[in-house]
Amino acid sequence: MNITVLYGTETGNAEMLAEDVAAHLEGAHEVACTNLSDFAPADFDPGQFYLVICSTYGDGELPASAKPFAEAMEAEMPDLAGVHFAIFGLGDTEYEDTHNFGSRIIAEMLQARGATQIGERVLHDASGGDMADDLAMDWADSVLELAAQQMKEDA
């Protein structure tokens, strides 16, 4: 499967996690890892599967590297029918009212333009006991199985 791991980060935590996920999948798949700041809405390819990893900052805001992507999505309003993605959020329940809003904003933005989300949005809590890497590897493995089936059905 051709996979692009997209990440939105402020301090680098989502980037490091995205690189770990890409390395985990590389033996069995064609994998690229790209910062959302370097990805344009026109870059989406229905032949790719997108794993999106996004942090949340401030008062539930997108991280700095995801803001240009979000602005381009709003300006260009692309038709993303045929695009499939799964999303993983990094956040902290210390900020209860805005926990993992970054991943929610990206997921809603993609769905509003016709993209299909595979699996549930997985949320990591920096205040919790789970390691982000452990959750992310299990998440990636499980959504890839679902994606292969869904993309075959949609073709």
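For the structure, check the block above.
Keep in mind that this is a model prediction, so the values were computed, not measured.

Outline the nonpolar core, supporting the account with residue identities and numerical values.
Judged by nonpolar contacts, the single largest core of 25 residues is most densely connected at Val5, Val21, Phe49, Leu51, Ile53 and Trp139. Contributions of two or more residues to this core are made by strand S1 (2-8), helix H1 (13-25), strand S3 (49-55), strand S4 (84-91) and helix H4 (132-154). Counting residues per element, this core draws most heavily on H4, which supplies nine residues. Once you skip the residues sitting within four places of it in the chain, phenylalanine 49 turns out to touch Met1, Asn2, Ile3, Thr4, His84, Phe85, Ala86, Ile118, Val143, Leu144, Ala147 and Met151. Counting residues in hydrophobic clusters, the runner-up holds 21 residues, among them Leu6, Leu36, Ala66 and Ala107.

Describe the pattern of salt bridges, listing the residues and the values that go with them.
Taken as a whole, this structure holds three salt bridges when the rule is applied. We note a salt bridge from lysine 67 to glutamate 61, for which the minimum N-O separation is 3.8 Å. Residue class for lysine 67 comes out partly exposed when judged on its relative accessible area of 34%. Across the pair arginine 104 and glutamate 108 runs a salt bridge whose closest N-O atoms are separated by 3.6 Å. Here glutamate 108 and arginine 104 lie together in helix H3 (residues 101-112), a separation of four residues that amounts to about one turn.

Requested: an account of the packing of aromatic side chains, with residues and values cited.
Evaluated as defined, the whole model comprises six aromatic pairs. Measuring from ring centre to ring centre gives 4.9 Å for phenylalanine 39 and phenylalanine 44, while their planes differ by 80°; the resulting arrangement is edge-to-face. Across the pair, exposure class does not vary: phenylalanine 39 and phenylalanine 44 are buried alike. With 5.9 Å between their ring centres and 65° between their planes, phenylalanine 39 and tyrosine 50 make a pair best called edge-to-face. Taken together, the residues span a long stretch of sequence, with phenylalanine 39 in the loop between strand S2 (30-35) and S3 and tyrosine 50 in strand S3 at a distance of eleven residues. Each member of the pair, phenylalanine 39 as well as tyrosine 50, is classed as buried. Members of the aromatic cluster, each reached through a chain of ring pairs, are Phe39, Phe44, Tyr50 and Phe69.

Report on H1, specifying residues and quantitative values.
Taking 1.5 Å of rise per residue, the 13 residues of H1 would be expected to cover 18 Å, and the 19 Å separating its terminal C-alpha atoms lies within 8% of that figure. On its buried side, H1 packs onto S1, S2, S3, S4 and H4.

Rules used throughout
Residues numbered from 1 in each chain as written. Predicted model: local features only at pLDDT ≥ 70, side-chain atom pairs only at ≥ 80, totals over all residues. Heavy atoms only, no water. Core = buried A, V, L, I, M, F, W, Y, C linked by side-chain atoms within 4.5 Å. Buried < 20%, exposed > 50% of the residue type's maximum accessible area, 1.4 Å probe, protein only. Helix = DSSP H or I, 4+ residues; strand = E, 2+ residues; numbered from the N terminus. Contact = heavy atoms within 4.5 Å. Salt bridge = Lys/Arg side-chain N within 4 Å of Asp/Glu carboxyl O. Phe/Tyr/Trp six-rings, centres within 6.5 Å; stacked < 30°, edge-to-face > 60°. Expected span 1.5 Å × (residues − 1).

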